[in-house]
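Spelled out from the first residue to the last, the chains are:
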Amino acid sequence: MTDHETVPAEVEDEEEIPEDHPRYQDLLTRHRIEAGVEKGITHLQGMHAEGRGSAFDYLLGEETIPSAEAAERAAAARLLLADHPVLSINGNVAALVPGEMVDLAAAVDADLEVNLFNRTPERIDAIAEHLRDHGGTEIKGIDADARIPNLDHKRAKVDSDGIFEADVVVVPLEDGDRAEALEAMGKTEIVIDLNPLSRSPQVAEIPIVDNIIRAVPNVTEHARELEGASDSKLRAILEEFDRDAALEAAEERIRSGSL
Ligand code: ATP
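Attention here is on the structure that accompanies the text. On a predicted model such as this, the values are computed, not experimentally measured, just so you know. Within every chain, residues take consecutive numbers counted from 1 along the sequence as written. Per-residue local features of the predicted model are confined to residues with pLDDT of at least 70, and side-chain atom pairs are confined, for both listing and counting, to 80 or more; whole-chain, interface and lining totals are unaffected and use all residues. Hydrogens are left out, water is left out, and the side-chain values use all remaining heavy atoms of the structure.

1. With respect to the nonpolar core
As used here, the term nonpolar core means buried Ala, Val, Leu, Ile, Met, Phe, Trp, Tyr and Cys residues forming a set that is joined through side-chain atoms within 4.5 Å. Buried, partly exposed and exposed residues are distinguished by accessible area as a fraction of the type maximum, computed with a 1.4 Å probe on protein chains only: under 20%, between the cut-offs, and over 50%, respectively. In terms of nonpolar packing, the biggest core is built from 54 residues, with Ile206 and Ile208 touching the most fellow members. Every residue pair with non-hydrogen atoms within 4.5 Å of one another is taken to be in contact. With residues near it in sequence (within four places) discarded, Ile206 still touches Ala71, Ala74, Ala75, Arg78, Glu189, Ile190, Val191, Leu238 and Phe241. Val86, Ala146, Leu151 and Leu182 belong to the second-largest nonpolar core, a separate cluster that totals 14 residues.

Here it is, written out as structure tokens:
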């Protein structure tokens, strides 16, 4: 047994997790979700979602596979081409990558909108505050004065000048019903989800099968690098990206077990 395996199950601060631990990213992710639940920004069910994601990440080798890297570059190109991109934030996303989502929004000039499965005014306010603590300024989704058609009342709530009128929406760790309803509205969806078989990546124009803690900084890096690129260059990147092949590559990696 190495010293690393004695990392306490509960750490007060993520700094206590040794960066060279072989399961560092998993421990960090777990810690952030636990801290999110304690702060009232993540619902307890978010832990189940995280557990599912963690299993898929383990099988992917806890790394960004080449097809995910291509999807991340295509996502950056699509966001730069968008008229009104919106990044959707739920309790897990807020707990895991608050500052990273703020950075991505700045890099591609997108809105940030809080959009929750288990919506309560307290959680909405706590998430908005958490995003502001990480540099977010204008946070949408608080009044939520519009509805996504064909979804039950609470889960359908969005801002009329946010997700409702967006052309491109980044929906990380999204439940399948809402991803399908957004697709039916004609939105271009960029989905980040570690399960390639889940309905959300299946309906996405750009499915990113990667851990959100790796995916979001990667998309931002590509966006910064592509800033100022011509529309034709951005379109060429999109045309080169094959969503079906990317989903198949991720599934193959998970099923083959060749870690
Ligand atoms: P669906 O409703 O789409 O059929 P589901 O019920 O499994 O799927 P949810 O539990 O609503 O979906 O959403 C959680 C999804 O997020 C899961 O597919 C899980 O793999 C994924 N996920 C969890 N943690 C992460 C993470 N850190 N990075 C990327 N994806 C993650």
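2. A short note on the site of the ligand
Put simply, a residue is near a molecule or strand once any heavy atom of it comes within 4 Å of that molecule or strand. What surrounds the ligand is a group of 17 residues, the closest being Arg52, Gly176, Asp193, Ser198 and Ile212. For this analysis, a polar contact is any N or O atom pair within 3.5 Å, provided that within protein one partner can donate a hydrogen and the other can accept it, and provided that sequence-adjacent residues contribute only side-chain to side-chain pairs. Glu50 places a polar side-chain atom, nitrogen or oxygen, 3.3 Å from a nitrogen atom of the ligand. Between a nitrogen atom of the ligand and a main-chain N or O atom of Ile212, the distance comes to 2.9 Å. Space inside and on the surface of the protein is sampled on a 1 Å grid over the protein atoms alone, with a cavity defined as a set of points where a 1.4 Å probe fits but cannot get out and a pocket as an open set with protein on both sides within 12 Å along at least 5 of 7 lines; lining residues have an atom within 4 Å of a point. Whether a molecule sits in a cavity or pocket is decided by its atoms, more than half of which must lie within 2 Å of the grid points. In a pocket analysis with a 2 Å cut-off to the grid points, the ligand is assigned to the largest pocket. Secondary structure elements with two or more residues in the shell around the ligand: helix H2 (45-60) and helix H8 (199-203). No other element matches the 4 residues that H2 contributes to the shell around the ligand. A run of DSSP states H or I qualifies as a helix once it reaches four residues; a run of E qualifies as a strand once it reaches two. Both are numbered from the N-terminal end.

3. Details of the layout of surface pockets
Grid points are joined across faces, edges and corners, and a volume is the space filled by probe spheres set on the points. In this model, the largest pocket occupies a volume close to 730 Å³. Lining the largest pocket are 33 residues; nearest its centre among them are Ala49, Arg52, Leu173, Glu174 and Asp175. Looking at the lining of the largest pocket, the elements that each hand over two or more residues are H2, helix H4 (91-96), helix H7 (176-184) and H8. For the lining of the largest pocket, the element with the most residues is H2, which contributes 8 residues. Amino acids outside the nonpolar list (Ala, Val, Leu, Ile, Met, Phe, Trp, Tyr, Cys, Pro) and the charged list (Asp, Glu, Lys, Arg) are all regarded as polar, and Gly is one of them. Each residue belonging to the lining of the largest pocket can be placed in one class, and the counts come to 9 nonpolar, 15 polar and 9 charged.

4. Structural notes on the pattern of salt bridges
In what follows, salt bridge is the name for a side-chain nitrogen of Lys or Arg lying within 4 Å of a carboxyl oxygen of Asp or Glu. For the structure shown, the criterion picks out 20 salt bridges. Here Asp244 makes a salt bridge to Arg243, at a shortest N to O gap of 2.6 Å. Since its relative accessible area comes to 22%, Arg243 is described here as partly exposed. Linked through salt bridges whose partners overlap, the residues forming this network are Asp152, Arg155, Asp175, Asp177, Glu180 and Arg199.

Note that every value here comes from positions in space, so none of it alone points to a role or purpose.
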